[in-house]
Amino acid sequence: MGRERFRTGVEAASSRYVELADWGALIAHLAADPELGSDRHGAGDRRPRVALAPSLAHAQPDLVAGFTDAGFEVAVPDGDDPAAEVADVPLAVVRAELAVAETGSVLVSEHALGDRVVTMLCRRLVQVVDADTIVDRLEGAADWLREHGGQPGFASLMTGPSRTADIERSLTIGVQGPDEVDVVVLTTPSGGADEA
Amino acid sequence: MRTFEERYRTALDDPDVRAGLTAFQRGWRESRDAAIAELEAAEGRSFDELRQELAAIKDDVIANGDRYLDQFTANAEAAGAEVTRVATPGEANEQITRICHDAGATLMVKGKSMVSEEIGLNHHLEAAGITPVETDLGEWILQLAGETPSHLVMPAIHKRKERIAELFERVLDREFPPDDIDRMVKAARTELRERFLASGVGLSGTNALVAEGGSVMLVCNEGNNRMSVALPPVHIVTAGIEKMVPTYADAMKQVRLLARSATAQPITVYTNFVTGPRPGQRQHILLLDNGRTAMAEDPDVAAALRCIRCGACANVCPPYGVVGGHAFGHVYTGAIGLVNTAYHHGIEAAAGPQSLCVSCGACATVCPTDIPLPMQILEVRSKVVDAGAPTPAGRATQLAIAAFGQRWLFDLGIRAAGVVTTPLRSDGVTRVPRWLAERPGVREHVGWRTPPALPVRPARDHLKKGKLDEPSRLAAQPLAGRTVQLFLQCLSDRVAPDIPIAAAKLLRAAGADVRLPRAQHCCGLPAFDAGEQDAARTMVRQTIATLEGVDDVVTPASSCLAMLEHEAPHLLRDDLDDLERAQQLAGRTYDLISYLTTGPGRLPAGALDNGDRTPVTVHRFCQSSTTLQRRDSVERFLRDVAGVEVVPLPEAEVCCGFGGSTSIRSPELSAGVLDRKLGCVDGTDVAILITDNPGCVLHLRGGIHASGRQVEVLHLAEYLARRLPGADATPGGASA
Ligand code: SF4
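Throughout what follows, the structure given in this document is the object of discussion. (Residues numbered from 1 in each chain as written. Chains lettered and ligands numbered in written order. Predicted model: local features only at pLDDT ≥ 70, side-chain atom pairs only at ≥ 80, totals over all residues. Heavy atoms only, no water.)

1. Quick word on the overall build of chain A
Phase 1 of the analysis: The number of helices and strands found in chain A is 8 helices and 12 strands.
Phase 2 of the analysis: In terms of overall size, chain A behaves like a compact globule, its C-alpha atoms giving a radius of gyration of 16 Å where 196 residues would be expected to give roughly 16 Å.
Phase 3 of the analysis: Out of the 196 residues belonging to chain A, those deemed buried represent 57%.
Phase 4 of the analysis: Counting contacts in chain A only where the partners sit at least 6 residues apart, residues at least 24 apart contribute 73% of the total.
Phase 5 of the analysis: Total accessible area on chain A stands at roughly 7,100 Å², and carbon and sulfur atoms take up 49% of it.
Phase 6 of the analysis: Distance from the positive charge centre (16 side chains) to the negative charge centre (33 side chains) of chain A: 5 Å. (Helix = DSSP H or I, 4+ residues; strand = E, 2+ residues; numbered from the N terminus. Rg over C-alpha atoms; globule rule 2.2 N^0.38 Å. Buried < 20%, exposed > 50% of the residue type's maximum accessible area, 1.4 Å probe, protein only. Contact = heavy atoms within 4.5 Å. Areas by Shrake-Rupley, 256 points an atom, 1.4 Å probe, with all protein chains shown as cover. Lys, Arg positive; Asp, Glu negative; His and termini not counted. Charge placed at Lys NZ, Arg CZ, Asp CG, Glu CD.)

2. Some words on the site of the ligand
Phase 1 of the analysis: Around the ligand, the surrounding shell holds 14 residues, and the nearest of these are Cys-307, Cys-310, Gly-311, Cys-313 and Cys-367 of chain B.
Phase 2 of the analysis: Here the residues of the shell around the ligand are counted per class, giving 11 nonpolar, 2 polar and 1 charged. (Near = heavy atom within 4 Å. Nonpolar A, V, L, I, M, F, W, Y, C, P; charged D, E, K, R; others polar.)

3. Here we look at the sheet that holds strand S13 (residues 483-486) of chain B
Remark on secondary structure: sheet strands pair via backbone hydrogen bonds, oriented parallel or antiparallel.
Residue and element names in this part refer to chain B.
Phase 1 of the analysis: Spatial strand order, S14-S13-S15-S16: 4 strands in an open sheet with parallel pairing. With partners counted over all chains shown, the strands left at the sheet margins are strand S14 (513-515) and strand S16 (589-591), one partner each. Between one strand axis and the next, the sheet turns by 35 degrees as a mean value, whatever way the strands run.
Phase 2 of the analysis: Direction of pairing for S13 relative to strand S15 (residues 552-555): parallel, over a ladder of 3 bridges. The residue of S15 that forms the bridge with Leu-486 is Val-554. (Pairing = 2+ DSSP bridges. Axes fitted to C-alpha atoms, helices over the stretch in contact; angles between N-to-C directions.)

4. A few points about the pattern of salt bridges
Proximity of charged atoms lets side chains of opposite charge pair with each other.
Phase 1 of the analysis: Taken as a whole, this structure holds 68 salt bridges over all chains when the rule is applied.
Phase 2 of the analysis: Arg-163 of chain B is paired through a salt bridge with Glu-166 of chain B; the nearest N and O atoms lie 3.5 Å apart. Here Arg-163 of chain B and its partner Glu-166 of chain B are both found in helix H9 (residues 161-172), 3 residues apart, which amounts to about one turn of the helix.
Phase 3 of the analysis: Given the relative accessible area of 35%, Arg-163 of chain B is considered partly exposed.
Phase 4 of the analysis: With a closest N to O distance of 2.8 Å, Arg-620 of chain B and Glu-635 of chain B form a salt bridge. With Arg-620 of chain B in the loop between strand S17 (616-618) and helix H32 (622-626) and Glu-635 of chain B in helix H33 (residues 633-640), this residue pair connects regions lying 15 residues apart in the sequence.
Phase 5 of the analysis: Overall, the relative accessible area of 8% leaves Glu-635 of chain B in the buried class.
Phase 6 of the analysis: Each of Arg-16, Asp-33, Arg-124, Glu-180 and Asp-182 of chain A takes part in one network of salt bridges that share partners. (Salt bridge = Lys/Arg side-chain N within 4 Å of Asp/Glu carboxyl O.)

5. A few points about the nonpolar core
Phase 1 of the analysis: With 128 residues, the main nonpolar core has Leu-157 of chain A together with Ile-96, Met-108, Ile-236, Phe-273, Val-323 and Leu-373 of chain B as its most contacted residues.
Phase 2 of the analysis: Counting the residues that make up this core, at least three belong to each of domain 1 (46-293) and domain 2 (459-722) of chain B.
Phase 3 of the analysis: Excluding its chain neighbours within four sequence positions, the residues that come into contact with Ile-96 of chain B are Met-108, Ile-119, Leu-121, Leu-125, Leu-203, Ile-236, Thr-238 and Leu-286 of chain B.
Phase 4 of the analysis: Phe-67, Val-89 and Val-184 of chain A together with Leu-137 of chain B belong to the second largest nonpolar core, which has 97 residues in total. (Core = buried A, V, L, I, M, F, W, Y, C linked by side-chain atoms within 4.5 Å. Domains from an automatic or database assignment.)

6. Re the environment of Val-646 of chain B
Residues and elements named next belong to chain B.
Phase 1 of the analysis: With respect to the helices and strands, the residue Val-646 is situated in strand S18 (residues 646-647).
Phase 2 of the analysis: Linking Val-646 and Arg-613, residues 33 residues apart in sequence, is a C-alpha distance of 9.8 Å.
Phase 3 of the analysis: The residues contacting Val-646, other than those within four sequence positions of it, are Val-616, Thr-617, Val-618, Glu-635, Leu-638 and Arg-639.

7. Some thoughts on the interface of chain A and chain B
Phase 1 of the analysis: Between chain A and chain B, the contact holds 54 residues from the first and 66 residues from the second.
Phase 2 of the analysis: Here chain A packs against chain B, burying approximately 4,800 Å² in sum over the two surfaces, 57% of which is carbon and sulfur.
Phase 3 of the analysis: At the junction of chain A and chain B, the tally comes to 8 salt bridges.
Phase 4 of the analysis: The partner of Arg-256 of chain B in a salt bridge is Glu-102 of chain A, and the shortest N-O contact between them spans 2.6 Å.
Phase 5 of the analysis: For the interface between chain A and chain B, the tally reads 28 residue pairs in polar contact (both at pLDDT 80 or more).
Phase 6 of the analysis: For the side of chain A that touches chain B, the elements supplying multiple residues, two or more each, are helix H7 (113-121), helix H8 (138-148), strand S9 (153-158), strand S10 (163-164) and strand S11 (172-173) of chain A. (Buried area = accessible area lost by both parts, 1.4 Å probe. Polar contact = N/O pair within 3.5 Å; in protein donor to acceptor, adjacent residues only side chain to side chain.)

8. Re H8 of chain A
Phase 1 of the analysis: Burial in H8 of chain A covers these residues: Leu-138, Glu-139, Gly-140, Ala-141, Ala-142, Trp-144 and Leu-145 of chain A.
Phase 2 of the analysis: On the buried face of H8 of chain A, the contacting elements are strand S5 (98-100), strand S6 (105-109), strand S8 (134-135) and S9 of chain A together with helix H12 (248-263) and strand S9 (270-275) of chain B.
Phase 3 of the analysis: Within two residues after H8 of chain A, Gly-150 of chain A carries a phi angle of roughly 85 degrees, on the positive side.

Printed below as a string of structure tokens:
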């Protein structure tokens, strides 16, 4: 039930909603996406560059290999100048801590600069969340925040691609942040690093 | 900043402002109402319940500010932030400049921050050799144009896309077709992207400070705010001390109402909780007072600190729709700006803008923190008057109020005016001779609104004992054996006597014995509205004394009832005895419509159906909707009891622009609001417009006459009296 409500919220916020079994299925799904082979993402018949949030790549090192095997060029911006490593990267993948059915939002924790630039500088952002972390209401996200309160952190509830209506209240998608968002719900629960 | 007068004139002279804002307000209203309805359905609770819950959270913070500030500070510092409390804009600017210098930064990217506008930060930075770059699209447009925000949420809403395209062409030196908004947005993205990455300092505002975790909550749609915060090596947070909420769960309650009230979204694209700096970053949080403690200590305005800066109060404000936020506000715009400006920028800065409020009450109905904005604006108005900073028009109003307070003087004056203007009277209006009408000082008052005819004899003369004819009787006699004290309203008594005369006919037709308390004068509303609280108190006390007793009191003026129910208890709050008398009186006083629908004079269906099927439309007196909660009761009554077809009037409950003294102090503004109303009337294609407040009747009548429209404006009482058995279908003869 929560998943249906979540889906409605995601779609209302102009994101794509996809349910997949696990990370392997996600890589296959992206590899099969005709858009990602197109010129729009500047890649000809090759798969484009994909940025993985460093926290995700470190927790699940096999993802780097998985994407590489599927033909993607993988960037994990954890060097001295993470922004330069992913400036205008066409595709990025992050893992969310949880999802909120009420609003169709995902909660992404992005404390390190490398994690932040991934969600901010890419054009298309894939937000991956485990089905069993969907909470009904915003208060569920508040619980998570309280548990992590007092510790340094940058927790972002994200709901759709960036947008503006600043010019004559006319809605335009894609401003400073990504202009396309995929929300991927993984239905086979996984335990982060355990999966690696 | 330019003077208020300059800002007001500029706004009036710019045709884009009114056209753009009216469209914006209409669009917003529709989508916001849908978003709130959806929320009510999902939560199973009303908007009122939800906003009261949020208000209670904020009130706790206002009452216990220091405790939460200390808690927040301890938690934020534990997470690595440096928290500083600053008292004044000067101190804040100094701190921010110092932080930039210490970091060796010469470029600052800025997320949206109203506090930075409040303290005039950009000027200070530029003087100190630091270049601020606004990154919110609207703010960036304004920075390029050298302007300031005119709205809390949509800063550039006063600018049409054609002007923005011209601006982009000039600054970026390439072509921008005005209809290609996407191209403008993408250009901003490209221009700003490098700045985010090159900046030594990022500055943001704050939507909430969460005490329990030391987090700064920031919302945005574009992604600019979080980029300003997240990327540069130094992050400065500017926050008013009132931004505190105790818990994350409380913050979520704010989230639930904020985006819906601001942009009709369930939630903004990004809602960030920033707790301390990231590794390798420094974070400075500046907590600004600048008058907030003084507000918290003043019970008249403390609730204004609940504000979450959603902008909804501007979006429903009819005067805002005419002149926009540069005139309707100072740095803070909309209704809230008319209140908090007095505390953040001084009473002089507040004086001009507050005079534009028509007291329609619309703002308070949409405010997600339930701030009693209309009453607070009147409190600020009274402080402006007390501070002795009135404009020449203000001084004239003061004199008029003083004269008006003396009933005999007022009576004498108005009777004399009636005699003098007799030759000019025709069709219920005073035809001002051309030589006079075209003179400056007269022109702006009569060009758009023909003055009403001034009768020689007031209504009270016609309603004296022994002067009344035998009434025509309705079949239904709900008021048989009942005595009704008629409260005439000062304005109708002397300027529109047909209205109370018609009301008396109607009540008598339903069986009432109508009496006229002799000493009645004025409920005090005009004086209160002019900020003259002492004069208002005297008048309301006099009214209470005159109407004391046990009978029903009925008035054809809904505004007087609103005064007795809402403003009088507020004015008399320090005198428990008077307060109780006021409440007792309010308890047995009715406006005509409530008396005839839910009160003792309840008429059965069809009681006033005389077979006349000419369709009508209804303007709802604004305070009937916003303050008295009458909603569609006039329309329903006309359909059910009079059997007439009522064509719905678009924006029926939006103010007509009369606004008491506003239409005299700021005639151009009032004319603009009236114009919007008459445009809606045109759309109905109906020849009879009915409303139930005399002020609206006179204002609409004058406007319709001056514009040459062929629509008859009638007070509900006048319209209904025509439908009585044996009634003459033309207006009564009192004004002739
Ligand atoms: S006063 Fe109320 S409606 Fe106006 S901006 Fe503040 S919270 Fe919104």
